[in-house]
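The primary structure of each chain is shown beneath.
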Amino acid sequence: MTTTENDQRIIEVLSEIFQTKGLAVPALGPETVLDQLGLESLDFAQAVIRMEEITGKDPFATGAEFQIRVLSDFSAMYE
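What counts and how
- Residues numbered from 1 in each chain as written.
- Predicted model: local features only at pLDDT ≥ 70, side-chain atom pairs only at ≥ 80, totals over all residues.
- Heavy atoms only, no water.
- pLDDT = per-residue confidence, 0-100.
- Helix = DSSP H or I, 4+ residues; strand = E, 2+ residues; numbered from the N terminus.
- Core = buried A, V, L, I, M, F, W, Y, C linked by side-chain atoms within 4.5 Å.
- Buried < 20%, exposed > 50% of the residue type's maximum accessible area, 1.4 Å probe, protein only.
- Contact = heavy atoms within 4.5 Å.
- Phe/Tyr/Trp six-rings, centres within 6.5 Å; stacked < 30°, edge-to-face > 60°.
- Expected span 1.5 Å × (residues − 1).

Undergrad: I'd love a proper account of the confidence of the model for the protein, names of residues and values included.
TA: On average, residues of the protein score 94 in pLDDT, and 99% of them are at 70 or above. No element of the protein has a lower mean pLDDT than helix α3 (residues 71-76), which averages 95, and none a higher one than helix α1 (residues 5-20), which averages 97.

As structure tokens, this is what we get:
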């Protein structure tokens, strides 16, 4: 699967979170299953805030429901 610009942004944001926590950054790509990364819900909340800062988009403000399983699902919210 091809990595999109938003995929790359999320990879960078998640990498920063791992580094801040003092953890090794795992291999991340579009098919990475997010709930298997070992991050906490607060970590994902930080990623959402950071993506909003980067993209200027808040996909949760629309009231839409999302099913986010893999990194590319997360990325698609910001397109």
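Having put the structure on the table, let's press on.
Undergrad: So what's going on with the nonpolar core? Which residues, and what values?
TA: Residues Leu14, Leu37, Leu71 and Phe74 are the most contacted members of the largest nonpolar core, which totals 17 residues. Those elements that provide at least two residues to this core are α1, α2 (41-55) and α3. Ranked by the residues each element gives to this core, the list is headed by α1, at six residues. Contact partners of phenylalanine 74, with chain neighbours within four places excluded, come to Ile10, Leu34, Ala47, Val48 and Ile68.

Undergrad: Which residues make up the packing of aromatic side chains, and what are the values?
TA: Aromatic ring pairs: the centre-centre distance and the angle between the two ring planes describe each pair. By the definition in use, this model includes two aromatic pairs. Pairing phenylalanine 60 with phenylalanine 66 gives two aromatic rings, centres 5.6 Å apart and planes at 75 degrees, and the pair type is edge-to-face. Measuring from centroid to centroid gives 5.9 Å for phenylalanine 74 and tyrosine 78, while their planes differ by 65 degrees, and the two rings are edge-to-face. One exposure class covers both phenylalanine 74 and tyrosine 78, and it is buried.

Undergrad: I'd love a proper account of α2, names of residues and values included.
TA: The end-to-end C-alpha separation of α2 is 21 Å, in line with the 21 Å expected for 15 residues at 1.5 Å each. Elements in contact with the buried residues of α2: α1 and α3. Where α2 terminates, the next one or two residues include glycine 56, which has phi positive at roughly 75 degrees.

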